[in-house]
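Structural description and commentary
Single-letter residue listing:
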Amino acid sequence: GIGSRSCGPIPLEEHQLKQEPAGFTFVMRRAQGANDLFDVTNQLFGVFGNPIAVPVLAGLLVKRFSRFSGFAGLCVGIGAGVLAFVAGHWVPCLREMVVMNAITTVATLAGMAWGTWWRPDAPADAADKEQFFRQLNTPSVVYEREGRGK
């Protein structure tokens, strides 16, 4: 199970060293020493899920992040997840779902903050963003009644 691993090196068995991986899933499975597909999908979600979901949700909920920040957060979050997964070979607790989610979420938010600082939106982009949030906050009935929904 997910919580059954300790924070020590995982010994590879003889048959695990001789397997030829047929895809990314098998590479991850062999690297983490798990034979359970559920564990493998959790690892994939831990590496890729939060770096994708956090910028999408932040873009819908927070006005302060720039347009570039989503891409920056995606890259930094996936990079941190891959690094944590590789480092998990020596420190297996880094591959636990809770730890991986925390690492990738914090890295994604840090990447988004850096991306906003490095490339702020142009004034025209800020006006588009204000219009988007104005429409997002307007109930559809009011929006259609004013003739903007058609």
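In what follows, the structure referred to is the one given above.
Parameters and conventions
Residues numbered from 1 in each chain as written. Predicted model: local features only at pLDDT ≥ 70, side-chain atom pairs only at ≥ 80, totals over all residues. Heavy atoms only, no water. Axes fitted to C-alpha atoms, helices over the stretch in contact; angles between N-to-C directions. Helix = DSSP H or I, 4+ residues; strand = E, 2+ residues; numbered from the N terminus. Left-handed = near helix turned anticlockwise from the far one by under 90°. Contact = heavy atoms within 4.5 Å. Nonpolar A, V, L, I, M, F, W, Y, C, P; charged D, E, K, R; others polar. Phe/Tyr/Trp six-rings, centres within 6.5 Å; stacked < 30°, edge-to-face > 60°. Salt bridge = Lys/Arg side-chain N within 4 Å of Asp/Glu carboxyl O. Buried < 20%, exposed > 50% of the residue type's maximum accessible area, 1.4 Å probe, protein only.

Notes on the packing of helix H3 (residues 37-61) against helix H5 (residues 97-118)
- The contact between H3 and H5 brings their axes to 9 Å, and the two run at 35 degrees. Here H3 runs over H5; the crossing is right-handed. Where H3 approaches H5, its residues Asn 42, Gln 43, Phe 45, Gly 46, Val 47, Asn 50, Pro 51, Val 54, Pro 55 and Ala 58 are matched on the opposing element by Met 97, Met 100, Asn 101, Thr 104, Thr 105, Thr 108, Leu 109 and Met 112.
- For the contact of H3 with H5, the per-class residue count stands at ten nonpolar, eight polar and no charged.

Looking at the packing of aromatic side chains
- Tallied over the full model, the rule gives five aromatic pairs.
- Ring geometry for Phe 68 and Phe 71: centres 6.2 Å apart, planes at 55 degrees, overall tilted. In this pair, Phe 68 and Phe 71 are both assigned in helix H4 (residues 67-87), three residues apart and thus about one turn of the helix distant.
- Aromatic pair Trp 114 and Trp 118: ring centres 5.1 Å apart, planes at 15 degrees, arrangement stacked. Note that Trp 114 and Trp 118 are positioned in helix H5 at a spacing of four residues, about one turn of the helix.

Describing the pattern of salt bridges
- Within the structure shown, the criterion is met by four salt bridges.
- Here Lys 63 and Glu 130 are joined by a salt bridge, their closest N and O atoms 3.6 Å apart. Taken together, the residues Lys 63 in the loop between H3 and H4 and Glu 130 in helix H6 (residues 123-136) connect sequence positions 67 residues apart.
- Note on Lys 63: relative accessible area 40%, which makes it partly exposed.
- Of the residues examined, Glu 130 reaches a relative accessible area of 37% and is grouped as partly exposed.
- Lys 129 serves as the salt-bridge partner of Asp 121, at 2.8 Å between the closest nitrogen and oxygen.
- A residue is classified by how much of its surface remains accessible, and Lys 129, at 14% relative accessible area, is buried.
- If you follow the salt bridges from partner to partner, you end up with Arg 67, Asp 125 and Asp 128 in one network.

Overview of the environment of Val 54
- Structurally, Val 54 can be placed in helix H3.
- A relative accessible area of 16% places Val 54 in the buried class.
- As a C-alpha pair, Val 54 and Val 106 span 52 residues in sequence and 9.8 Å in three-dimensional space.
- Those residues in contact with Val 54 that sit more than four places away from it in its chain are Thr 105, Thr 108, Leu 109 and Met 112.

Bear in mind that shape data such as this cannot, by itself, settle questions of function.
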